[in-house]
Amino acid sequence: MPDLFGVVVHVSQRSQWWYPGEMSSERRMVAGFLAAVTAVSLLLLGLFAAWGRAGRALAMTDDRRPLLFTGWGGIIERQVFERLIAEFERLHPEIRVDYRPTPRDYPTKLKLMFAGGTPPDVFYLPDTEFPGFAINGRILNLQPWIDRSVVIREREFWPSSLRRYRFDDRVFGRGPLYALPKDIGPTAMFVNLDLLRAVNPGLAARIQKREVAPTLTWPEAEQLWKELTRDLNGDGRTDQWGTHGITLEAAVWSHGGKFLSDDGRCFIMLQDALAIEAAEWLVGLQTRLKVAPMERQRQSIPVDTLFLTGRLATFVGGRWMVPQFRRAAFAWDVLPVPVSPRTRRLAGWSGSVGLAISSHCRHPGDAWKLIEFLSGPQGQAAQARTGFQIPNQRWLSHTEVFLQPGQRPEHAEVFIDAAGYQDAGPPTRTPDDEWWDLLHRSLSRAYRGEATAREAVLRVAPDVQAALDRAWRAIDRERRP
């Protein structure tokens, strides 16, 4: 630093060096100003360099083994994980965890980290991305550690939460575990009880009396949604809608239909009359019954805002919506997703994010300890207390840690039941999700009223099958001796 200060003094005193000849007072003043700026810049550069050297020196003296951990999440989730990591480091003083959450476009950035040769050690792995990472050898088989663990017991987890992270080198959904779930996210139907009371006081009373939450069939739900869809100001346009958010999986599975063959290689939805019937029913909520907002209406106001402002009476979503909806000015609760009258089968889509270890991790044993801590009861309890997550351990979900008596929803058990019967989306059974994206892009025409659901599926079926064939051929080539 003394050399730097010497330069600063020299520049300040010899402000004419940069401009030959005699200088006017104005030029002398400008020169002095620029010299001062230069001096301050040099000083800051010196300070940054000193801080950098100090940081490197500190890192060299920190003999803890480092782990890079990345994921995403809102402010609440990040705060929870910061506290969890602090506790983990207290329990394991030999390990240092560098937690770097990525708030936007996480899957793309994660793939770029791997492509660039700088993957994280431990990271969030969405269940839809799991097949690609497992096939390409980017993640470690966790089963040997799980088998030796006294904290992680597979029988305590929701079967669906584990099934989506299994791979036996040929079929997804079976074999050893390559990730442990950070969470499981079944869906339920959020209901604005104030709006419901106005059109169906009997049902509202049943819900508020803490009776078992009723499961509505599609016709029963349709009638309710019609009553809840209203033009409030008499201008001929809908201001309050009955529902939104039922997934294609929930409709097709409840009706008894299928998307794929059992081995996940063939797209069979077009040949499955039940699957097409279910898709037509779902599309009809917007185009025929007009009880659900169209895409252009959802773009102008997000659906969560529609629900919070009383313009959407029922909304199918996950437990992660609970902290936000607890700010609502009206009474609300949850019911199971309505079921097909043909089967009365409870069904639905359940999301999940896994915790995985990169195959390039230098300290895999330490990485496993972090996953064991976060997926175990202590880490799950801390996350469940925020209200946005159902614990992995089934027994823990039946405690006050998750049920949170005195807070909405009163029928929190609806989420617990759904975690038992809802399943991962179809892309978790295939090498990638290109085919699923193609299907949904084509069905968007049906939702806009430009085609029937059957016409949309018929149009895209060859492309969907071609995408599946490409994905599976790539795997078969890798396995070929």
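Read on for a plain summary of the structure. Within each chain, residue numbers correspond to sequence positions counted from 1 in written order. Since the coordinates come from a predicted model, pLDDT governs what is reported: local features require at least 70, and pairs of side-chain atoms require 80 or more to be given and counted, while whole-chain, interface and lining totals use all residues. The side-chain quantities take in all heavy atoms of the structure and omit both hydrogens and water.

Right, let's talk about the nonpolar core for a bit. Take the buried residues of types Ala, Val, Leu, Ile, Met, Phe, Trp, Tyr and Cys, join any two whose side-chain atoms come within 4.5 Å, and each joined set is a nonpolar core. Note on exposure labels: buried denotes an accessible area under 20% of the residue type's maximum, exposed denotes more than 50%, and partly exposed covers the range between, all computed with a 1.4 Å probe on protein chains only. Ranked by size, the top nonpolar core spans 129 residues in total, and within it F69, L180, F190, F259 and L439 carry the most contacts. Helix and strand assignments follow DSSP, with helices taken as H or I runs no shorter than four residues and strands as E runs no shorter than two, numbered in order from the N terminus. Examining the composition of this core, we find that 10 residues originate from one element, helix α22 (residues 453–479), more than from any other.

This part is about the environment of R445. Relative to the assigned elements, R445 resides in helix α21 (residues 434–447). In this structure R445 comes out as partly exposed when scored by relative accessible area, which is 21%.

Between any two strands, pairing holds if DSSP finds at least two bridges. The strand order across the open sheet formed by 5 strands is β2-β1-β3-β10-β6, and the pairing between neighbours is mixed. Only two strands of the sheet have a single neighbouring strand rather than two, namely β2 (95–101) and β6 (180–181). As defined by bridge partners, strand β3 (residues 122–126) adjoins strand β10 (residues 353–357) across 5 bridges and the pair is classed as antiparallel. Residue Y124 lies in a different strand from β10, and its bridge partner there is L355. Where helix α3 (residues 75–91) meets the sheet, it contacts β1 (65–71), β2 and β3, and its direction lies at approximately 170 degrees from that of β2. The contact criterion used throughout is that any non-hydrogen atoms of two residues lie within 4.5 Å. To obtain an axis, a line is fitted to C-alpha atoms, over the contacting stretch when the element is a helix, and the angle between two such axes runs from 0 to 180 degrees between their N-to-C directions.

Quick look at the pairing of strand β7 (residues 187–192) now. The element β7 is largely enclosed, with a buried count of 6 among its 6 residues. Of the strand pairs in this sheet, β7 and strand β8 (residues 314–318) are connected by 5 bridges, and their pairing is antiparallel. Residue pairing in the sheet places A188 in a bridge with G317 of β8. Across 4 bridges, β7 lies against strand β9 (residues 332–335) in antiparallel orientation. Within the sheet, the bridge partner assigned to F190 lies in β9 and is V334.

Read from one edge of the open sheet, 3 strands run β8-β7-β9, paired in antiparallel fashion. Only two strands of the sheet have a single partner each, and these edge strands are β8 and β9. Averaged over all neighbouring strand pairs, the angle between strand axes comes to 35 degrees, with direction disregarded.

Of all 8 residues in helix α11 (residues 248–255), 8 are buried; the element is thus mostly enclosed. The complete set of buried residues in α11 reads L248, E249, A250, A251, V252, W253, S254 and H255. Note on α11: the residue one or two positions beyond its end, G256, has a positive phi of about 95 degrees.

The salt bridge criterion pairs a side-chain nitrogen of Lys or Arg with a carboxyl oxygen of Asp or Glu, the two atoms within 4 Å. Here the structure, examined in full by the defined rule, presents 16 salt bridges. Salt-bridge contacts for K182 lead to E77; the nearest nitrogen and oxygen are separated by 3.2 Å. Here K182, found in the loop between β6 and β7, pairs with E77, found in helix α3; they are 105 residues apart in sequence, far enough to count as distant. Residue class for K182 comes out buried when judged on its relative accessible area of 3%. Classification of E77 as buried rests on a relative accessible area of 11%. Between R470 and E434 there is a salt bridge, with its nearest N and O atoms 2.9 Å apart. With R470 in helix α22 and E434 in helix α21, this pair connects stretches of sequence that are 36 residues apart. Among the charged side chains, a salt-bridge network with shared partners connects E77, K182 and D183.

Working definition: a ring pair exists when centres of Phe, Tyr or Trp rings (six-membered ring for Trp) sit within 6.5 Å. Plane angles under 30 degrees give stacked, over 60 give edge-to-face, the rest tilted. Tallied over the full model, the rule gives 30 aromatic pairs. Ring centres 6.2 Å apart and planes at 50 degrees place the aromatic pair F172 and W472 in the tilted group. Note that F172 is positioned in strand β5 (residues 172–177) and W472 in helix α22, a separation of 300 residues in sequence. In this structure F172 comes out as buried when scored by relative accessible area, which is 7%. Exposure remark for W472: the relative accessible area of 4% places this residue in the buried category. Plain terms: the ring middles of F307 and F330 are 5.5 Å apart, the flat faces sit at 75 degrees to each other, and that makes the pair edge-to-face.

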